[in-house]
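The chain contents come next:
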Amino acid sequence: MLTSVPFGLRKIEDYSQVVGEQLISELKKKAETLKGLKVLNISSTAFGGGVAELLYTTAPLMVNLGLDVKWQVINGYEDFFTITKNIHNGLQGMDFVLTEQMIKMYEERNKSFAENLEDEADIIIVHDPQPMAMSSFIIPKKRKKAKWIWRAHVDLSSPQQEVVDYVSKFIPYYDAVIVTLPKYSEPFKNINKPYFIAPTIDPLSIKNKDLSKSATEEIIDRLEIDKNRPIMCQVSRFDPWKDPFGVIDTYRLVKKEIKDLQLLMVASMAVDDPEGWHYFEKTARYAGVDPSINFFSNVTGVGNVEVNAIQRASDVVIQKSKREGFGLVVSEAMWKFKPVVGTKVGGITLQIKDSENGFLIETTEEAAKKVKFLIENKEKAKEMGKKAHIYVKDNFLTPRLLNDWLDIFTELSEVTG
Ligand code: UDP
């Protein structure tokens, strides 16, 4: 019912070249009192989406800092993930009725995750709503030993209250709750002391590390993308929240004036996301036969290094999400000196400072105007791109997140009982 995820090795020292020696020695110092602390992460998938992306970096770095970190994923099966996707959608504000039957299956599966939890841990971090209920099924003796943290990555700015009320019943089984923005905790009436922590990107991962111009071009050529024509791209799962139709509409408006524009839509398919394939098909149909719209995915060999090259080769990166918990892709593109045109929602507003390091937009027409502006004003785009890079460097790189985690672990370890 729970499967361990291997996550390789990372060295914290390597990060001093990016964030400086001081932060790294502070991290090492903080970690000293936490040596051997057993931390277990539980999430729903080891592949696709922001949570997996975060854990592949933070877990090995915490191990390198001396903590005993594990990561397990739940095996929920498709019918379960369909329900949890609905819960996720309800939390992001979509209309949906949670039936008694759905609740029964959700809780039964969570009960068996709890029964199959073998590891003795000091801290258990449960990511997102899928495994959230399991903590309520842990026998009290086991509960006493571990501190439970619920880390919600979703955009909770305007949820369906009934779904919030339902998941709220599991909050008392957690010692701490972490959300990305202060307003995300407001719909919950029973979170005593929420933590507000923004995710970060790994500057040294294959997806984000420096890539030379020639290496970028070699990949772009291999993918048969025309590097001599303007490129706009969105890298996101196929999901209504990421508004792929809106991306195509934006492209079509710009294309009226910039005739040689190409649109690249890159999406990885996650196993806890049965809607993904269905939505891909719908999007492809919406795109029609336009040869300047190209789809790429992990299934056709577009992995991390290709995403890296595509983001770097793009003239404009767009993120047209309707809701966004944080949106790692925004920081990923900004780190690569790209000003992003992003909707004024959720975590995107934390990253883009409008008209400084990118553009915050509300409508498709506005998005098209800004995309066109950036393609036609290369110098301005370059200047904004530099600011974007610096903003991410100062706020959204992995060592900052590790620092936040170590603080929380220290605080929870000091609380007894
Ligand atoms: N991603 C990827 N390939 C794709 C689509 C997405 O590697 O084809 C990655 C993306 O680079 C980012 C993560 O998946 O690291 C998505 O995280 P984000 O927070 O943007 O959105 P989520 O999918 O968690 O809603």
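An account of the accompanying structure is given in this report. The shown structure was predicted, so the numbers you read here are calculated from the model rather than taken from an experiment.

Re the overall build of the chain
Each helix and strand in the chain was counted, giving 16 helices and 13 strands. Here the C-alpha coordinates of the chain stretch approximately 65 × 50 × 35 Å along the principal axes. Of all 417 residues assigned to the chain, the portion counted as buried reaches 57%. In the chain, the share of contacts with a sequence separation of at least 24, taken over all contacts with a separation of at least 6, comes to 77%.

Concerning the nonpolar core
Within the largest apolar cluster, 72 residues are counted, with the highest numbers of intra-cluster contacts made by L67, I149, I310 and F409. Apart from residues no more than four positions distant in its own chain, I149 is found in contact with I123, I124, I125, V126, Y174, A176, I178, W405, I408, F409 and L412. Of all hydrophobic cores here, the second largest spans 43 residues; its members include I87, A121, M132 and V164.

Observations regarding the sheet that holds strand β3 (residues 68-74)
Read from one edge to the other, the open sheet built from 7 strands follows the order β1-β3-β2-β4-β5-β6-β7, with strand pairing classed as mixed. Each edge of the open sheet carries a strand with a single partner, namely β1 (2-4) and β7 (195-196). Relative to β3, β1 runs antiparallel, the two sharing 3 bridges. Paired with T3 across the bridge in β3 is V73. Strands β2 (38-43), β4 (123-127), β5 (147-151), β6 (176-179) and β7 of the sheet are contacted by helix α16 (residues 398-414), whose axis makes an angle of about 145 degrees with β5.

Focus: the layout of surface pockets
Each pocket or cavity is described by its volume, and for the second largest pocket that value is around 720 Å³. Lining the second largest pocket are 25 residues, with R312, A313, S314, D315 and K338 sitting closest to its centre. Taken together, the elements giving at least two residues each to the lining of the second largest pocket come down to α8 (213-222), α11 (304-313), α14 (364-376) and α15 (378-395). Among the elements that take part in the lining of the second largest pocket, α15 stands out by supplying 5 residues, more than any other. Grouping the constituent residues of the lining of the second largest pocket by class yields 10 nonpolar, 4 polar and 11 charged.

Topic: the environment of P129
Locating P129 in the fold gives a position in the loop between β4 and α6 (140-145). Excluding residues that lie within four positions of it along the chain, P129 makes contacts with I87, L91, Y106 and W150.

Considering the pattern of salt bridges
For side chains of opposite charge, pairing can occur when their charged atoms come near one another. Per the counting criterion, the structure on display carries 27 salt bridges. Between E411 and K193 there is a salt bridge; the shortest N-O distance is 2.6 Å. Of this pair, E411 sits in helix α16 while K193 sits in the loop between β6 and β7, and the two are 218 residues apart along the sequence. Taking the shortest distance from any N to any O, the salt bridge between E217 and K213 comes out at 3.3 Å. Separated by 4 residues within a single helix, E217 and K213 lie in helix α8, roughly one turn from each other. Overall, the relative accessible area of 29% leaves E217 in the partly exposed class. The network of salt bridges with shared partners includes K85, R237 and D239.

Rules of the game
- Residues numbered from 1 in each chain as written.
- Predicted model: local features only at pLDDT ≥ 70, side-chain atom pairs only at ≥ 80, totals over all residues.
- Heavy atoms only, no water.
- Helix = DSSP H or I, 4+ residues; strand = E, 2+ residues; numbered from the N terminus.
- Buried < 20%, exposed > 50% of the residue type's maximum accessible area, 1.4 Å probe, protein only.
- Contact = heavy atoms within 4.5 Å.
- Core = buried A, V, L, I, M, F, W, Y, C linked by side-chain atoms within 4.5 Å.
- Pairing = 2+ DSSP bridges.
- Axes fitted to C-alpha atoms, helices over the stretch in contact; angles between N-to-C directions.
- 1 Å grid on protein atoms, 1.4 Å probe; cavity = no way out; pocket = protein on both sides within 12 Å on 5 of 7 lines; lining within 4 Å.
- Points joined across faces, edges and corners; volume = space filled by probe spheres on them.
- Nonpolar A, V, L, I, M, F, W, Y, C, P; charged D, E, K, R; others polar.
- Salt bridge = Lys/Arg side-chain N within 4 Å of Asp/Glu carboxyl O.

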